[in-house]
Each structure stands twice: as C-alpha cells, then as structure tokens.
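# A structural walkthrough
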Amino acid sequence: MQRGNLDDLLAFLAVGRERSFTRAAAKLGMSQSSLSHTIRELEARLGVRLLTRTTRSVAPTQAGERLLQTIGPRFEEIEAEVSAVRDLREKPAGTIRITATEYAADALLLPKLAKLLSDFPDIKVEITVDYGLSNIVAEGYDAGVRSGEQVAKDMIAVRIGPDLRMAVVGTPSYFRKRPEPKKPRDLISHNCINLRLPSHGGMYAWEFEKGGRELKVRVDGQMICNGAIQMLNAAMAGLGLAYIPEQMAEPYFT
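An account of the accompanying structure is given in this report. On a predicted model such as this, the values are computed, not experimentally measured, just so you know.

Rules behind the numbers
- Residues numbered from 1 in each chain as written.
- Predicted model: local features only at pLDDT ≥ 70, side-chain atom pairs only at ≥ 80, totals over all residues.
- Heavy atoms only, no water.
- Buried < 20%, exposed > 50% of the residue type's maximum accessible area, 1.4 Å probe, protein only.
- Helix = DSSP H or I, 4+ residues; strand = E, 2+ residues; numbered from the N terminus.
- Arc of directions from axis to C-beta.
- Pairing = 2+ DSSP bridges.
- Contact = heavy atoms within 4.5 Å.
- Axes fitted to C-alpha atoms, helices over the stretch in contact; angles between N-to-C directions.
- Core = buried A, V, L, I, M, F, W, Y, C linked by side-chain atoms within 4.5 Å.

### Considerations on helix 7 (residues 228-236)
Think of an α-helix as turning once every 3.6 residues; residues three or four places apart then point the same way. The complete set of buried residues in helix 7 reads Ala228, Met231, Leu232, Ala234 and Ala235. End-on, the buried residues of helix 7 take up no more than an arc of 160 degrees, which puts them together on one face. Among the residues trailing helix 7, Gly238 stands out with phi positive, at a value near 80 degrees.

The following block contains the structure:
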C-alpha cells in the first residue's frame, strides 16, 4: 500500500473517531478543506461512501463503521509498537547475548553485570561459556570476550580487563614423581593437561614471554579438557600440569 493511502486512512480514522471535521483537522494539523478533500478522494477510490455529513454532525456509514472497526485496532497496535520503540531511547531494555570463556565470564563480566542489571531491570543478559571461538555475528551474539590474539581483524575490539597472566600449576604429589620444569621447553617431557579449541580442531599451545620474546609450546599428556575449570580440577587431582589464568590458581597457592 502506498504511503498516500495510509495517510488517507489515518485521516478517515480521525474524522470517524472525532465525529467532526473541525476537531479531526485540528488533531491532524491540517485545514478542514484539505481534510474534506482527502476523505472525498478516499471514498472515490474505494467506490463507497464512508461518512454521512450534515451541517451539524458527521457519522460513519455502514461501510465506514466496518472500516473503522477493522483498521482502527491495527493502527493502534502499530502506534503502540512505535511508541515502545521510542521508549528504548530513554530506558535500555532487551536481551544481550555474550559468548565468553569461563574465566572471562566469572572474573570480568559477572562483577560488572551485578550493578548493571540492578540499575536496568528491563535488560536481560545471556552468557554462553564457549572455547570454540564462535562466529559472533553468524551465531547471533551481540558481543564476545576474547584474548587479544584471538580477535578477528574485521571485529571491533574494546579492552575490558588487564593483561591476562597465565600460570603452569601442579600439585605437590605430582612433583614428588617428576622434577619441576625450569624453562618452557621442559614441559615437553611432562604430563600436561591440554585444552581443545573446537573451532581450531586442535590443542591450545601454551604461550610464554620473556624480554619481549614470545614462545609457544605444544605439550602432551593423558588428559584433554574443553574448559579451564576442568583443567584446574584435573591438576588438583594430581593428573598433570595445567595452564590456566593465574587468578584462578591463586586461592590454592601455599
């Protein structure tokens, strides 16, 4: 339907509801003569009389009453939805979907969300713990939390936390049977707990840096996990060494 036809219907609704060309014209911000001309054109286009006019009153015909009852509620629904959308400018609302690792969700997102959700009760947040580096756009997420080197070149990135320090951890019972590693290369001979990245189809390489030089070590071991919590629990059970965020391991340091 053309925009002009919609305007004509809105004009008819105004007259039909107000039962007056004078009041309807004032409400629409147009002259009575223009409004009368608009109604006549609408009636001519439909081939049926919609309003009965006298010198003192205006009333819908049977056809006009039917049109009022059918299109009136629909225009009201449209107006209500448009008004609801306008309200979003003043009061944030809706669902935000975020993909993140366990550590990022627990250490970075939840502390911030506690105040945000309290201040804005109409906002809902859905967090998906994911090590698969899901395609944020293709899978319908609004945002994703990634370490710096995992951010795709075409994505907009904003830092939300400090540099992430990683730690290689193991239990005293594990080290009673094996010597402590002194340098990253020593890890090759240890029973290490690997992290599988589903989207990459392989294991996460343990990353180290000293004096501006970076080194990645491909480790091996009996255990493979897909989450940092599972890696920490496996290390606590003495099953090997884990490479996890230092903050996760700190409560267990002695």
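### Here's the deal with the sheet that holds strand 4 (residues 123-129)
With parallel pairing, the three strands of this open sheet are ordered in space as 4-3-5. Two strands close off the open sheet at either side, each with one partner strand: strand 4 and strand 5 (143-144). When strand 3 (residues 94-100) meets strand 4, the two strands line up parallel, connected through seven bridges. Along strand 4, the bridge assignment pairs Ala100 with Val129. Sheet strands touched by helix 5 (residues 102-119): strand 3 and strand 4. Its angle to strand 4, the strand with the most contacts, is close to 175 degrees.

### Some points on the nonpolar core
Buried together is how nonpolar side chains tend to be arranged in soluble globular proteins. Of all hydrophobic cores here, the largest spans 26 residues; its most connected members are Val169, Ile193, Trp206, Met231, Ala242 and Ile244. Contributions of two or more residues to this core are made by strand 6 (166-169), strand 7 (194-197), helix 7, strand 12 (242-245) and helix 8 (246-249). Sort the elements by how many residues they give to this core and helix 7 lands first, with five residues. When sequence neighbours within four positions are dropped, the list of residues in contact with Ala242 reads Ala167, Val168, Val169, Ile193, Trp206, Met231 and Ala235. Judged by nonpolar contacts, the second largest core, of 19 residues, contains Ala11, Ala14, Leu35 and Val58.

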